[in-house]
Amino acid sequence: AVQHALATELCRRRLFRQPQLRLLAPPGLPLSELVAPDCHQIDEQALHETLEPLACPDSRLALLSLGFCGKCVTTATSQLIARMGALESLTLTGAYRLTDGCVAAICGARGAALRSLKISGNQQLTAAFVASIASECDSLERLALEDLIYLPGEAAAPIGRLTQLQSLSFRGTRLLVSSSMLAAVGGSAHCLEALDLGGCTVLSADAVATAAEACPRLRELSLDGVENLTDGALGRIAAARRGALSSLSLRKCVQLSDGAIEGLAAACGGVLAHLSLNNVPALGDACLVALKEHCADSLESLDLSWCRAVSDNGVGALVDAAPRLQRLTVWGCSQLTNRFYEGHSREHLRVVGRSI
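As the structure is a computational prediction, the values presented were derived from the model and not from experiment. (Residues numbered from 1 in each chain as written. Predicted model: local features only at pLDDT ≥ 70, side-chain atom pairs only at ≥ 80, totals over all residues. Heavy atoms only, no water.)

### Considering the overall build of the protein
Next up, step 1: If you tally the helices and strands in the protein, you get 13 helices and 13 strands.
Next up, step 2: Relative to the 2.2 N^0.38 estimate, which gives 21 Å for 356 residues, the radius of gyration of the protein is 22 Å and therefore close to what a compact globule would have.
Next up, step 3: Each principal axis of the C-alpha atoms in the protein carries an extent, and together these give about 60 × 45 × 30 Å.
Next up, step 4: Here the protein holds 356 residues, and the buried ones make up 53% of them. (Helix = DSSP H or I, 4+ residues; strand = E, 2+ residues; numbered from the N terminus. Rg over C-alpha atoms; globule rule 2.2 N^0.38 Å. Buried < 20%, exposed > 50% of the residue type's maximum accessible area, 1.4 Å probe, protein only.)

This is the structure in structure tokens:
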């Protein structure tokens, strides 16, 4: 945990370079985890020298997480990763140099032991890499294939062969089509707890609702930018996950109305903790009244950014009634005034995006 916090802070300050990497992963130290959230200042040689001592059958490294690693993760790096004998969790974000062959090599060598895999930010991966994951990584519990903007829409279907997924994300996979998404979800529907379809803009409302209805354990759902989502589809989701959905993101679901959120609040009352309604333009105080009535005791974070029809009175009444609410985001809500900001009773509430 200390190593994670130190690496995160160094990256935040843009101070994570070769010397800092060597300090966090000195030669001879039997690391079990290596987390580097931002590797954009690390070159190929430095990363290779760091990982090479860990690339052996008796290595203890179980978790490797490299963020913004496109500059330093190459074919040679993937060969080192494939030799890490204890690896169970692998995250490579911004890995734009990865090829289908690189992923196939990792999955072929370590796939049976992997429990968590995340790959994002790549424009050259094809359906072949998805097939490698589906055929070799049958013990995966968490899978995220994100921001793969040119991945063919039908490529996700083989993921349906995986039957133990508890978390699945296709965030930013813009071309993903409904039939492929449903096939991918189907294999693990019985145990899936978190599903992220944010940015999958061509999915149909019916397919999204069908996926939610097929997952009896689903607790977290992100539908950011799924612009085809309708009031009726959200109503189906709320009915299917009544009393179970704890986190829901509906950012830029532009067709939704107050009525849809009222139904959601009634179905998920007492459970819904995190809700984003960012940039859902038709929403007004009516949905806030419903949230106050049904979800005030459970809400911990709420995003109302760019909901221009909500008022001081509506937001204030909800905030005053929600004792667990810790964070309220209101970017673009310039209609809110000091009547709300200085009038609500929640002294320790963090309000993000307040107009100056």
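There is more to say, and it comes next.
### Considerations on the nonpolar core
Next up, step 1: In terms of nonpolar packing, the biggest core is built from 120 residues, with Ile133 and Ile159 touching the most fellow members.
Next up, step 2: At 6 residues, helix 8 (residues 205-213) tops the list of elements feeding residues into this core.
Next up, step 3: In contact with Ile159, other than residues within four places in its own chain, are Val130, Ile133, Ala134, Leu143, Leu145, Leu165, Leu168, Phe170 and Ala184. (Core = buried A, V, L, I, M, F, W, Y, C linked by side-chain atoms within 4.5 Å. Contact = heavy atoms within 4.5 Å.)

### What about the packing of helix 11 (residues 285-295) against helix 12 (residues 312-321)?
Next up, step 1: Direction vectors running N to C along helix 11 and helix 12 enclose 10 degrees, while the axes themselves pass 9 Å from each other. For the element pair helix 11 / helix 12, the angle class is roughly parallel. Residue-level contacts link Asp285, Leu288, Leu291 and Lys292 of helix 11 to Gly314, Val315, Ala317, Leu318 and Ala321 of helix 12.
Next up, step 2: Tallied by class, the residues present in the contact of helix 11 with helix 12 amount to 6 nonpolar, 1 polar and 2 charged. (Axes fitted to C-alpha atoms, helices over the stretch in contact; angles between N-to-C directions. Parallel < 35°, antiparallel > 145°, perpendicular 65-115°, else oblique. Nonpolar A, V, L, I, M, F, W, Y, C, P; charged D, E, K, R; others polar.)

### Focus on the pattern of salt bridges
Next up, step 1: This model, assessed by the stated rule, comprises 12 salt bridges.
Next up, step 2: Put simply, Arg13 and Glu9 hold a salt bridge, and the shortest N to O gap is 2.8 Å.
Next up, step 3: Arg236 is paired through a salt bridge with Glu213; the nearest N and O atoms lie 2.8 Å apart. Here Glu213 lies in helix 8 and Arg236 lies in helix 9 (residues 231-240), a separation of 23 residues in the sequence.
Next up, step 4: Classification of Glu213 as partly exposed rests on a relative accessible area of 39%.
Next up, step 5: Overlapping salt bridges, with partners in common, bring together Glu9, Arg12 and Arg13 in one network. (Salt bridge = Lys/Arg side-chain N within 4 Å of Asp/Glu carboxyl O.)

### Observations concerning helix 4 (residues 75-82)
Next up, step 1: Among the residues of helix 4, those classed as buried are Thr77, Ser78, Leu80, Ile81 and Ala82.
Next up, step 2: Elements in contact with the buried residues of helix 4: helix 3 (44-51), strand 2 (63-66), strand 3 (89-92) and helix 5 (100-110).

### Digging into the side chain of Ser298
Next up, step 1: Tracing the chain through its elements places Ser298 in the loop between helix 11 and strand 11 (301-303).
Next up, step 2: Polar contacts involving the side chain of Ser298 include one to the main-chain carbonyl oxygen of Leu272, which spans 2.7 Å. (Polar contact = N/O pair within 3.5 Å; in protein donor to acceptor, adjacent residues only side chain to side chain.)

### What about the environment of Ala105?
Next up, step 1: With respect to the helices and strands, Ala105 occurs in helix 5.
Next up, step 2: Through-space distance from the C-alpha of Ala105 to that of Gln79 is 7.0 Å; in sequence the pair is 26 residues apart.

### Points about the state of the cysteines
Next up, step 1: With the rule as written, the count across this model stands at 0 disulfides.
Next up, step 2: Its sulfur unpaired, Cys287 is 6.9 Å from the next cysteine sulfur, which belongs to Cys307.
Next up, step 3: Note on Cys287: relative accessible area 1%, which makes it buried.
Next up, step 4: For the unlinked cysteine Cys333, the closest cysteine sulfur is that of Cys307, found at 6.0 Å. (Disulfide = S-S within 2.5 Å.)

### Some remarks on the pairing of strand 4 (residues 116-120)
Next up, step 1: Buried residues dominate strand 4, accounting for 4 of its 5 residues.
Next up, step 2: One ladder, built from 4 bridges, connects strand 3 with strand 4; its direction is parallel. Among the inter-strand pairings, Leu92 is bridged to a residue of strand 4, identified as Ile119.
Next up, step 3: Remark: the strand 3/helix 5/strand 4 crossover connection has right-handed handedness. (Pairing = 2+ DSSP bridges. Right-handed = clockwise from strand over helix to strand, strands pointing away.)

### What to know about helix 10 (residues 258-267)
Next up, step 1: All of the buried residues in helix 10 are Asp258, Ala260, Ile261, Leu264, Ala265 and Ala267.
Next up, step 2: Looking at the buried positions of helix 10, the neighbouring elements they touch are helix 9, strand 9 (247-249), strand 10 (274-276) and helix 11.

### Digging into the packing of helix 7 (residues 178-186) against helix 8
The packing of two helices is summarised by the inter-axis angle and the distance between the axes.
Next up, step 1: Close contact between helix 7 and helix 8 brings their axes to 10 Å; oriented N to C, the two are set at 5 degrees. Classified by the interaxial angle, the pair formed by helix 7 and helix 8 is roughly parallel. Here helix 7 contributes Ser178, Met181 and Leu182 to the contact with helix 8, which in turn contributes Ala207, Val208, Thr210 and Ala211.

### Concerning unusual backbone geometry
Next up, step 1: The backbone of Phe68 sits at a positive phi, close to 45 degrees, despite the residue not being glycine.
Next up, step 2: Among the structural elements, Phe68 can be located in the loop between strand 2 and helix 4.
Next up, step 3: Of note, the phi angle at Trp306 is positive, near 65 degrees, even though the residue is not glycine.
Next up, step 4: Tracing the backbone shows Trp306 in the loop between strand 11 and helix 12.

### Quick word on the environment of Leu15
Next up, step 1: Mapped onto the elements, Leu15 comes out in the loop between helix 1 (2-12) and helix 2 (18-24).
Next up, step 2: The partly exposed category is assigned to Leu15, whose relative accessible area is 35%.
Next up, step 3: Look past the residues within four positions of Leu15 in its chain and what remains in contact with it is Leu10, Gln20 and Gln41.

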